[in-house]
Amino acid sequence: TRTCYALGLYRDTKEECEKLIKKMKIEHRLRQWAKMCKDKVDWSDLSQDKYFACCDCNSRNINLHAVVYNKGNNVYFTDKSILQKAIEDIGEQKLIDEYFVEI
């Protein structure tokens, strides 16, 4: 249990576990879509845009952002159109309800 807790995989209730599993499955799908990009993300290349999706808390909409060197805990894409296709495939509401949530 200590190891799972340290990894962030331990949850106190079954409901929290189910939410985490849903979030992890969506993250896996995003990573699969990101692999479809022609170029891999290169953090040493400051001319390469790296796209990611985020949720605007106020409007509850999915927004796309680009960065060149600030790496966060996101799934990054080098092709904005593939990220848009991933969002369409997964579903914007599903992303809002199951991925961009605190667990």
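As a starting point, this report considers the structure included with it. (Residues numbered from 1 in each chain as written. Predicted model: local features only at pLDDT ≥ 70, side-chain atom pairs only at ≥ 80, totals over all residues. Heavy atoms only, no water.)

Tracing the backbone shows Gln 48 in the loop between helix 2 (14–34) and strand 1 (50–56). Excluding residues within four positions of it along the chain, Gln 48 makes contact with Asp 39, Lys 40, Val 41, Asp 42, Val 67, Val 68 and Thr 78. (Helix = DSSP H or I, 4+ residues; strand = E, 2+ residues; numbered from the N terminus. Contact = heavy atoms within 4.5 Å.)

End to end, helix 2 covers 30 Å across 21 residues, agreeing with the expected 30 Å (1.5 Å per residue, within 8%). Those residues of helix 2 that sit buried are Leu 20, Ile 26, Leu 30, Trp 33 and Ala 34. Looking down the long axis of helix 2, one finds its buried residues gathered within 140 degrees of arc, a one-sided arrangement. Projecting away from the buried face of helix 2 at angles above 90 degrees are the exposed residues Lys 14 and Lys 25. Buried positions along helix 2 lie against helix 3 (80–90) and helix 4 (92–99). (Expected span 1.5 Å × (residues − 1). Buried < 20%, exposed > 50% of the residue type's maximum accessible area, 1.4 Å probe, protein only. Arc of directions from axis to C-beta.)

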